[in-house]
Structures are given as C-alpha cells and as structure tokens.
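A structural walkthrough
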Amino acid sequence: MAAQEIENGTTWGKELWDQFDNLATHTQKGIDFFERFGNFIRDRSAIEVEYALKLRRLVKNYQPKKSKEDEENEFSSLIAFKNVLKEVADLAGQREVVAENLQNQVLQGIMLLAKILREERKKALNQGAGLTQSLHTQIGTLDRAKRSYEKAFREAEKAIESYHKADADFHLSRADVEKQRVNMNIRNSQSEDAKSEYANQLQITNKQQQQHYQIALPEVFNKLQELDEKRTRGMKEFIKRAADVEYEVSPIIARCLEGMVKAADSINEKDDSMIVIEKYQSGFQPPGDIPFEDLSKPDPDAANNSQTHNSSTGLNHMTGKGTTKDKLKKRVGIFGIFTGNKKILEAYIHVKNNLTTDGLKEDFSDLPPTQRRKKLTAKVQELQQKVAQEQAASDGLMKMKGVYEANSMLGDPRTVEEQLNESVNRLDRLRHELLRYQKLLEQANNQTFIQHSPQSNRVIQNGQRSSRHSNGSSNHENSHDDNGEDHPDDAGSLSSSASPESGLGTSHTSLPGSGQGSTNEQPMNEEYYEADAPLGTCRALYPFDATSEGSIPMSEGEELQVIEVDQGDGWTRVRRFSSKGWEEGFVPTSYIECTLYA
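Residues numbered from 1 in each chain as written. Predicted model: local features only at pLDDT ≥ 70, side-chain atom pairs only at ≥ 80, totals over all residues. Heavy atoms only, no water.

On average, residues of the protein carry a pLDDT of 75, and 72% of them reach 70 or more. For the protein, the element scoring lowest by mean pLDDT is strand β1 (residues 458-461), at 35; helix α3 (residues 20-61) scores highest, at 93. This stretch, residues 1-7, has a pLDDT under 50; its non-local contacts, to residues over four places away or in other chains, come to 9 contacts. In this model residues 306-345 is a low-confidence stretch, pLDDT under 50, and it forms 66 contacts with partners more than four residues away in sequence or in other chains. (pLDDT = per-residue confidence, 0-100. Helix = DSSP H or I, 4+ residues; strand = E, 2+ residues; numbered from the N terminus. Contact = heavy atoms within 4.5 Å.)

For the rest of this paragraph, the subject is the nonpolar core. If you look at the biggest cluster of nonpolar residues, it comprises 38 residues, and the most contacted ones within it are Ile-41, Phe-221 and Leu-224. Sorting the residues of this core by element identifies α3, α5 (76-168) and α6 (174-265) as the ones contributing at least two each. It is α5 that contributes the most residues to this core, 14 residues altogether. Excluding residues within four positions of it along the chain, Phe-221 makes contact with Trp-12, Gly-13, Leu-16, Trp-17, Asp-18, Gln-19, Phe-20 and Leu-23. In this structure, Val-565, Val-574, Val-587 and Ile-592 belong to the second largest nonpolar core, which totals 14 residues. (Core = buried A, V, L, I, M, F, W, Y, C linked by side-chain atoms within 4.5 Å. Buried < 20%, exposed > 50% of the residue type's maximum accessible area, 1.4 Å probe, protein only.)

Moving on to the packing of α5 against α6. Contact geometry of α5 with α6 gives a least axis separation of 6 Å together with a crossing angle of 175 degrees. Considering the angle they form, α5 stands roughly antiparallel to α6. Of the residues in the contact of α5 with α6, the class split is 47 nonpolar, 25 polar and 19 charged. (Axes fitted to C-alpha atoms, helices over the stretch in contact; angles between N-to-C directions. Parallel < 35°, antiparallel > 145°, perpendicular 65-115°, else oblique. Nonpolar A, V, L, I, M, F, W, Y, C, P; charged D, E, K, R; others polar.)

The subject of this paragraph is the sheet that holds strand β3 (residues 536-540). Pairing is antiparallel across the open sheet formed by 5 strands, whose spatial order is β6-β5-β4-β3-β7. Either end of the sheet is taken by a strand with one partner, and the two such strands are β6 (581-588) and β7 (592-596). Between one strand axis and the next, the sheet turns by 35 degrees as a mean value, whatever way the strands run. Bridge count between β3 and strand β4 (residues 559-564): 4 bridges; the pairing is antiparallel. Each residue of the ladder has a partner; that of Gly-536, found in β4, is Val-562. (Pairing = 2+ DSSP bridges.)

This is how it looks when you write it as structure tokens:
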C-alpha cells in the first residue's frame, strides 16, 4: 500500500516533507487515542461482568423456595417463572462470555498493537532526528566554509589593492613593492583554497540535503504513515471484533428470549384454577336451608331441658360451686372416664402417637374428605412403590442364596439368609400397611359425604335440633369401621371431657353422645351425660390464652355457656359460638364469673 501511494504521490514523505514535528505529535496522539479505545473495551468488559453477577444475584434472590406440596401441585405461572429465571441465568452466562472474549480477543490485541506502534514510532523518530541532526551539522560546516571563503576573499582583495597602491607609489622601494606582491599572491592563494573548500562543502551539503529531503526523511515519514495507518486499521478491526463477540452470543440470547416467550405461553389460567380446586377442595356439601322454627309448637328439646331443670330444682341440694349433688353424681368425673373405660384411653393415646411428620394423623382423618382421598391415594402409591422395590430386593437375595447353595465356593448361603429374612419381614410390614391404607382409601371413596361444611354448626336430625361439631359426624356409626372395630373419632371423643391438665383434650369435641349431633346418649360407667343443655352462663373476668390442649381462649367480658362446672381441678368446661361453629373447652374457674340456672 505504501509503495502504491508513493507512486501516486500521496505519501507523507512527499507532501509533508517539512512537518516532522507535527507528524511526531500526530502519531503520538493517535497511539494515545488507540490506547484509550482499549481502556473503553476494558471498562465495558468490567460492566459486562458486573451485569452478569447482578443477574445471577437477581435469579438467586427471586428463586422460589422449594416445598413438597408445591412440587406436587405447581401452578403453571410458577413453573413459567422458574423457566424465566433459568433463561435469565443463561443470559448472565452469555454476558460473561462476552466479557471474556472482549478481554482475550479485543483488549489484549489492542494493548499488543499499541506496544508495537510505540516501539516503531520511537525508532522512526530517532532515525528522523538523526538524519536531521546530520543535515544540520553539514549545513554548519558549509556555513563555516563560506565564512572562511568570505574572509579570505576580502583579505585577498585588500592585498591586491595594497599591491596596486605600492606599485603606483614612486617613493617606495622595489623591495616594498615586491613584498606587497608576494602578500597579494599568498592572499589570492588562500582565497582560492577557501573558495574551493566552500564549493566542496556546498556540493556535499546540497547532495546531503537532497538525499535527506527526497529519500532519507521521506522514508521515515512513510514509516510513520504506515504505523499510523496500521493503528487506524487496528481500530477498525477491533471494533468489528467487538461486534462479532456480540454476534456470536446473539443466537443463544435469542433462544433465551424465545424460552421466556415459551414460558409465558405455557401459563394456563384454567389449569391453575383447577389446581386451586384440587388443593383446597374439602368435599363437604354446602349448608342446606335453615328451617323455620315454629314457636307455637312444643320443642322436644325444650321439654327435655325443662324436665332436667325441674328435677334439679326439685332436689334443691346445692354445693359450694352452685351445682346440685344429683348432677355431680350424674355426671362422670374427668378422670373417672379413663378409670372406667381404659379401652377409650388406650385408643386415644394410640391416635396421639400415630401422627405423620407434618402433624396429620396416619389415616388423614383430620383432613376434609377430598384432601383425605388425595393423601390416601398418594400414600398407597408410595407404599406400592416401596413394596415393588422391596420385592425386587428380596428376589435378588433369593437368587443369590440359590447360587451360593449350588456353588459354595461363591459364598456362604447363611450370610444371605439373614438379609433375606429381614427383607421378608420388611415386605410383610409394607404389605400389611399397604392393605390398611387401601382399605382406608376404599372406605373414603365409598363414603357419601352428605354433611354440611365445617362452617355450618347446626343441622336437623329426626325433626329435632342438635349440635354439629367440626368433625362433620352426625352419629356414632361413623366411629366404627367395616370390621366392627371401635376407633376414636378423628376429633377425639375424649378430649372435651378431659381437662387441659391431663394433656388429652381438644377444644372442638365432647364426650360420646355429646358432640356428635346425636339425640341418643352413650353409656359411660353406667351413667348418662347431658351434652346439649347448658348449666348456666359465665362472663370472662380476664383474658385467657389457651396454652394447653383442651382449653379455649377467651377475651375479657366475653359471655359463654357453662357446660360443666369445676370438679375441684380448677377448670370449668364452657361452650361458645364463633365463625367456625360451636367450640367447647376448658377455662380457669378463677378467670370467670358464673351464673347457673336455677
């Protein structure tokens, strides 16, 4: 290129032969600008690294927390958001690739080329400075030769003039004239020598000057031009390379964006709505119409209550707690329940000790019907998988035992027999447990849920009003399984009769026959307990937070129904109506002020 430009006459050496200092300044500024471009690439790479780091931190901060329940029923919007986070993480990776390639392929090339250009410029400038100094030295020699010639010429002229004057002066002797002639000749000879030296130096200077401005210095300028053009071409190439770095990752970035769009398209609001139904559907039926209560007709419950009150009044034997001796004798004591019916206590303790890790009962009877069927189905599938795995392991051990028995050199069959027995025992336990859960699932699927939702607290049975509790059972038939075995109800028929001190009570249930919505009473130590008839009312003197099982909280001034008076243990059993229905439990006797019915 440089040779072609020289032929075309567009070179720095020809056009800028007298601009050495300006060219030196220009090339210095060009290299400085080129290095500044390298600093720009370096800072941009740092921004890309920081951007990638912040993207990764953003993905980490917004990553949804994993839970087993969410994995089973994940909403499409949540799955889409997780996919978007994955794509953003991939985008962060591509920004890191951009930063790395900018550093390795662009920045390093810029720094290397800048170093080469500085070295070439320094060499060219030193060469040009040397040529200029040599020319200036030769010009100085020419000036000295010229001044010597001028001096010798003036002296020769003066000597000639002195000779002519002496020769014309008749008063001077021939010796004086001869002396002036010899001096004239000497001065003329010196003048001619100085003239020759001057001419010679002039010739040398002109030749060197011609060589300097036409050949030597243009070569230096052409080198400066070449390195400056190299710097310009490098700028062009590295800008393109920086753009190519972006182009190389753009297909992957485009796929990331397409993945985000695909994740958005995967969101289905109808499917998410169905997941909400599956997740929270209880299986209860909505409450029916509230019946009209005709006050003109006698209420059997009211009649029974009046008989009870009359009998209590007729005896007129009151204790210090305001309860008749007849009622104290008629009600079963809190601890007398457990001494009189050990089977119920053992069953309750069995229920308490058989809870799943998430606080649910093993048979999931404390869940709504639909949720219970889902849990039972999942449990059956889990046990089926465990049975299949254990069966495969047992079969493998059986084959290994047969191989060892056939060839004792391979191993001792007795070492496998112990493992085989353990495997068989585990398999039997798993099959028994699977059978139990299959039976529970079959019962749950065959059961017709006609009860109201837990929010409904009153139902009509046999034309009479009765209390319904949150367990949703209307009679005691539901507490027996198909085998006729007696199991405690999910809510626990013992809890409402146990004080919080016993640690065996819950707050929403009552004794058998009291909280099941049945008009039939169950025998307990050959006596009967009246559940629906309150003994009176009470007002909370102080607020109370339920800290033990079987107790219920109350606020100061709250009105409650007294269901059972203090039996000497410091607790009174009360009942109240809330948004969840009727709630029963124990409160400290010293916290309330009771007003019992006469």
